[in-house]
Amino acid sequence: CDVQAMEWRSQLTLRLEDRVSQFQKQTVKATQDCLQYQLCNTAALERTYANLEEVELMCTEEGNQTRSFCNLDAKEERQALMEQISHQLDLAQAVVQLKKDISFQI
């Protein structure tokens, strides 16, 4: 086993963990602001949801449960945000359907 390769892999893993943690913090803040001020479009919300879902899947992989972005607080924060996004997308879909129903009646 090459010690340099192991060291390089360890450093790369730490950088990845840091980037994913930063991504989650930035995503949570930006999406909460977006939802609070109703500035979100559905495409952006769908992309954000998909990205958060990918992080959730990473946390189920063997060996990732101990990563900082997989800790209980991060998971709860991520899941709460995913629920908010899902609710907002449901509302947007209901509005679109209502507009279709109204235009059909006219």
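Residues numbered from 1 in each chain as written. Predicted model: local features only at pLDDT ≥ 70, side-chain atom pairs only at ≥ 80, totals over all residues. Heavy atoms only, no water.

**Student:** Would you mind going over the overall build of the chain with me for this structure?
**Tutor:** Tallying secondary structure elements over the chain gives 3 helices and 0 strands in all. Relative to a compact globule of 106 residues, whose C-alpha radius of gyration would be 13 Å, the chain shows 19 Å and is clearly more extended. Principal axes of the C-alpha set define a box for the chain whose edges measure 75 × 25 × 20 Å. In the chain, buried positions account for 23% of the 106 residues. Pairs at least 24 residues apart make up 67% of the contacts formed inside the chain by residues separated by at least 6 positions. Carbon and sulfur atoms make up 53% of the accessible area of the chain, which amounts to about 8200 Å² in all. Charge separation in the chain, taken as the distance between the mean sites of 11 positive and 17 negative side-chain charges, equals 5 Å. (Helix = DSSP H or I, 4+ residues; strand = E, 2+ residues; numbered from the N terminus. Rg over C-alpha atoms; globule rule 2.2 N^0.38 Å. Buried < 20%, exposed > 50% of the residue type's maximum accessible area, 1.4 Å probe, protein only. Contact = heavy atoms within 4.5 Å. Areas by Shrake-Rupley, 256 points an atom, 1.4 Å probe, with all protein chains shown as cover. Lys, Arg positive; Asp, Glu negative; His and termini not counted. Charge placed at Lys NZ, Arg CZ, Asp CG, Glu CD.)

**Student:** Got a minute to help me understand the nonpolar core in this structure?
**Tutor:** The tendency in soluble globular proteins is for nonpolar side chains to be buried side by side. V28, L35, L45, L52, L81, M82, I85 and L89 together form the largest nonpolar core, which totals 8 residues. Listed by contribution, the elements that provide at least two residues to this core are α1 (3–36), α2 (42–60) and α3 (72–105). For this core, the element with the most residues is α3, which contributes 4 residues. With residues near it in sequence (within four places) discarded, I85 still touches T31, L45, T48, Y49 and L52. (Core = buried A, V, L, I, M, F, W, Y, C linked by side-chain atoms within 4.5 Å.)

**Student:** Quick question: what am I supposed to make of the packing of α1 against α2 here?
**Tutor:** Any two packed helices are characterised by how steeply their axes cross, that is the angle between the axes, and by the distance between the axes. The N-to-C vectors of α1 and α2 enclose an angle of 145 degrees; their axes lie 11 Å apart at closest approach. In the packing of α1 onto α2, the handedness of the crossing is left-handed. Touching V20, F23, Q24, T27, T31 and L35 of α1 are L45, T48, N51, L52, V55 and M58, all from α2. Residues belonging to the contact of α1 with α2 are distributed by class as follows: 7 nonpolar, 5 polar and no charged. (Axes fitted to C-alpha atoms, helices over the stretch in contact; angles between N-to-C directions. Left-handed = near helix turned anticlockwise from the far one by under 90°. Nonpolar A, V, L, I, M, F, W, Y, C, P; charged D, E, K, R; others polar.)

**Student:** For this particular structure, what's the right way to read the environment of R19?
**Tutor:** Within the secondary structure, R19 is located in helix α1. In this structure the C-alpha to C-alpha distance between R19 and E77, which are 58 residues apart in sequence, comes to 17 Å.

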